[in-house]
Each structure stands twice: as C-alpha cells, then as structure tokens.
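Here is what each chain is made of, one letter per residue.
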Amino acid sequence: MEIVSSNKSYGGTQGVYSHASSATGTEMTFAVYVPDHDDRAKLPVLWYLSGLTCTHANVMEKGEYRRAASALGLIIVAPDTSPRGEGVADDDAYDMGQGAGFYVDATEEPWAQHFRMRSYIEQELPELIAKEFPVDMDRQGIFGHSMGGHGALTIALRNPDRFKSVSAFSPIVAPLHCPWGEKALGGYLGSDQARWRQYDACALIEDGARVDEILVDQGTSDNFLEEQLKPHLLTEACEKAAIPLTLNMRKGYDHSYYFISTFMADHLRWHAERLGS
C-alpha cells in the first residue's frame, strides 16, 4: 500500500492510498478517514460506495462527512467504482466500463479479466483495511449512492453477519427492472437473468436474504427517480419480508452531492447507533 496523500481534518487524518489489486489485476485507489483516537483503540468502520462516473474523490471532496465522523469515532472507507488504466476494457457510454463497475464480478468478455469489484469490495480490500488501519471488523456498516447504493444494499444482503447496518442515498434497488441495470448486468454477466438476481436488492429479498433494517434517503426532484431508481419496489419487497425500512422522500432534492451532503451526518449518526460508536 502506498500513500498518495494525507491531510489533517477535524483532528483526524484523511488519506488516499493505492495498491496493486489481485482481484482486478490493476492498481486501485481508495480513501480512508481515520478520526483522532487512542493508540490502542479499534474503531468501527463505515464503507461508502460511490455511483456512476465517480471515484473515491467525489464523496471525499463533496460528501462533508469528516466533522460527523470525527465526532462519532467512525472510520470511513471510500473505494473506487471500477478498475482503471491501460488495457482495462471501457465503453464510450458513462454507464458501462470504467467508472461503472456495478460492484459485480463480471463473467463476460471483455469485462471478466478486470471487472471483479464484488471480490475486491467483499474480500480483498477489507483484508487490507484490517491489516493497515485501526478498525474493529466486528463493527462494520455500509452505505452508498445510486449505483453505490445498489452495491451497499446487495453486499449487506449477501453478508448479513458482517454488516451491522446498511443505508443508501437514491439507490438503484431493482436493476433487473431499469435501463441502467439491464445494460450493465447483461453486459457483465450475460443474458441469463437468473445470474443477475444476486446483484438486485429486491430479488435478493424475494429469494430470502435478510438484514435487520434499512435506511434510504431519496430526493423527490431526482431526475432518475421514476425510470431508474424505483424505491417503491424496495418498499414492497421489504413489506413482504417484514424488513423495517425507513424511506425518507426529501422534497425538492435531486441526485447530486448537494443532496447527499445535506443528509450525510444523519446517516452517520444512524450507523453509529447501530455500530456502538
């Protein structure tokens, strides 16, 4: 692991790091904020997964999480959204390829060689974080935005024993039933939609996956609300499965980091209560 940058903020340290990933076969970059703490302390860790076109830098620069994370004693980890670099497959559209990994392990060419973001987020990066940072891996939460909200929900549903809390901003809740998901899952995984279900929050719930509860914030003026995000489908799935869902429809808010930063501290406090921070 190499240090790309390190800055003091609210008493803690905002770092950016890079390493050679065995999962993706590329150099991967990620951000970690570590609050000021006792040298012997182990802190709860909250994973933030970003959306389409983003890198680790979007939430780090626009998310406004450090003041709350410092006060609550939460480590924040923000990975990249896809592998990048020379020789990595890409697409001219913003919703496929570099910047659009969808947190899946691709099986179709030309994506299969490098696009293994599920393995990277679920296995490789947590091992590195546990080794290099003062984290209590028994107290993990996960959240994200849009494509990253999809990632957070599906990863938590597949790993309920690992994550004690899960929330999302404007998540893609049912990629089997929206243009973004149909394109990405079809491209990365092939035409057999049975293979897509492990990457669809609503389908996972229908198939028996459970978490204790879910928090979602969604802007009513989000231009992707009706066609791509469809939070009512998550409401229906959670009601049938008796999963407590808090869905806050935020009047007048859009899909941007103006929205995310407004409610970021609310989400951090919610996670901190469940992580015993």
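Since the structure is predicted, the reported quantities are computational estimates derived from the model, not experimental observations. (Residues numbered from 1 in each chain as written. Predicted model: local features only at pLDDT ≥ 70, side-chain atom pairs only at ≥ 80, totals over all residues. Heavy atoms only, no water.)

Caption draft 1: Expanded view of the overall build of the protein chain. In terms of regular secondary structure, the protein chain is built from nine helices and nine strands. Scaling as 2.2 N^0.38, a compact globule of 277 residues should have a C-alpha radius of gyration of about 19 Å, and the protein chain matches this with 17 Å. Dimensions of the protein chain along its principal axes, counting C-alpha atoms only, are 50 × 45 × 35 Å. When burial is assessed residue by residue, the protein chain has 59% of its 277 residues classed as buried. (Helix = DSSP H or I, 4+ residues; strand = E, 2+ residues; numbered from the N terminus. Rg over C-alpha atoms; globule rule 2.2 N^0.38 Å. Buried < 20%, exposed > 50% of the residue type's maximum accessible area, 1.4 Å probe, protein only.)

Caption draft 2: Broad picture of the pairing of strand 8 (residues 214-219). Taking burial as the measure, the six residues of strand 8 include six buried ones, the bulk of the element. Covered by surrounding structure in strand 8 are Ile214, Val216 and Gln218 together with Leu215, Asp217 and Gly219, the residues of both alternating faces. Bridge count between strand 7 (residues 163-169) and strand 8: three bridges; the pairing is parallel. Pairing of Ala168 across the sheet is with Val216, part of strand 8. Pairing between strand 8 and strand 9 (residues 245-250): six bridges, direction parallel. (Pairing = 2+ DSSP bridges.)

Caption draft 3: Molecular detail of the sheet that holds strand 3 (residues 27-34). As summarised here, the arrangement of the nine strands in space is 1-2-3-5-4-6-7-8-9, forming an open sheet in which the pairing is mixed. Strands with a single pairing partner mark the edges of an open sheet, and in this sheet they are strand 1 (2-9) and strand 9. Taken pair by pair, the neighbouring strands of this sheet meet at an average axis angle of 20 degrees, ignoring direction. Those strands touched by helix 3 (residues 117-132) are strand 2 (12-20), strand 3, strand 4 (43-49), strand 5 (75-79) and strand 6 (135-145), and its axis lies near 55 degrees from that of strand 3. (Axes fitted to C-alpha atoms, helices over the stretch in contact; angles between N-to-C directions. Contact = heavy atoms within 4.5 Å.)

Caption draft 4: The pairing of strand 3, seen in detail. Most of strand 3 sits inside the fold, with six of its eight residues counted as buried. Bridge count between strand 2 and strand 3: eight bridges; the pairing is antiparallel. Bridging from a neighbouring strand, Tyr17 pairs with Phe30 of strand 3. Hairpin connection from strand 2 to strand 3: six residues lie between these consecutive antiparallel strands, with Gly25 at a positive phi of about 70 degrees. Relative to strand 5, strand 3 runs antiparallel, the two being bridged by four bridges. Of the residues in strand 5, the one forming a bridge with Ala31 is Ala78.

Caption draft 5: Representation of helix 9 (residues 257-275). Largest kink in helix 9: about 45 degrees, centred on Phe263. In the segment just after helix 9, Gly276 is the residue with positive phi, at about 70 degrees. (Bend = angle between axes of the 7 residues up to and from the residue.)

Caption draft 6: Seen up close, the pattern of salt bridges. For the structure shown, the criterion picks out 14 salt bridges. Here Asp217 and Arg250 are joined by a salt bridge, their closest N and O atoms 2.6 Å apart. With a gap of 33 residues between them, Asp217 in strand 8 and Arg250 in strand 9 connect regions that are remote in the sequence. On the basis of relative accessibility, which here comes to 1%, the residue Asp217 falls in the buried class. When its relative accessible area of 22% is taken as the criterion, Arg250 is described as partly exposed. (Salt bridge = Lys/Arg side-chain N within 4 Å of Asp/Glu carboxyl O.)

Caption draft 7: Summary view of the environment of Leu229. By the element assignment, Leu229 lies in helix 7 (residues 225-229). Along the primary structure Leu229 and Glu239 are separated by ten residues, whereas in three dimensions their C-alpha atoms are 18 Å apart.

Caption draft 8: Representation of the nonpolar core. Core analysis: the largest hydrophobic core is formed by 67 residues, its most contacted members being Phe30, Val32, Phe102, Ile129, Ile142 and Tyr188. Not counting the four nearest positions on each side in its chain, Phe102 is found in contact with Leu52, Thr81, Asp95, Met147, His150, Ile172, Trp180, Ala184 and Tyr188. Counting residues in hydrophobic clusters, the runner-up holds 24 residues, among them Ala31, Ala68, Phe143 and Phe263. (Core = buried A, V, L, I, M, F, W, Y, C linked by side-chain atoms within 4.5 Å.)

Caption draft 9: Structural detail: the environment of Trp47. Counting through the fold element by element, Trp47 comes out in strand 4. The class for Trp47 is buried, based on a relative accessible area of 1%. Along the primary structure Trp47 and Ser70 are separated by 23 residues, whereas in three dimensions their C-alpha atoms are 15 Å apart. If sequence neighbours within four positions are ignored, Trp47 has contacts with Val77, Pro79, Leu125, Pro126, Ile129, Gln140, Gly141, Ile142, Phe143 and Phe163. A distance of 2.9 Å separates the side chain of Trp47 from the side chain of Gln140, its partner in a polar contact. (Polar contact = N/O pair within 3.5 Å; in protein donor to acceptor, adjacent residues only side chain to side chain.)

Caption draft 10: Layout of the packing of aromatic side chains. Scanning the model with the defined rule gives 13 aromatic pairs in all. Ring plane angle 70 degrees and centroid distance 6.4 Å describe the contact between Tyr33 and Tyr65, whose orientation is recorded as edge-to-face. Of the two residues, Tyr33 is situated in strand 3 and Tyr65 in the loop between helix 1 (56-62) and helix 2 (66-72); the sequence distance between them amounts to 32 residues. As far as burial versus exposure is concerned, Tyr33 and Tyr65 are alike and both buried. Through a chain of ring-to-ring contacts, three or more aromatic side chains come together here, namely Tyr48, Phe143, Phe169, Tyr253, Phe259 and Phe263. Cation over ring: Arg66 sits above Tyr65, and NZ or CZ is 5.0 Å from the ring centre. (Phe/Tyr/Trp six-rings, centres within 6.5 Å; stacked < 30°, edge-to-face > 60°. Lys NZ or Arg CZ within 6 Å of the ring centre and 35° of its normal.)

These figures capture arrangement, not role.
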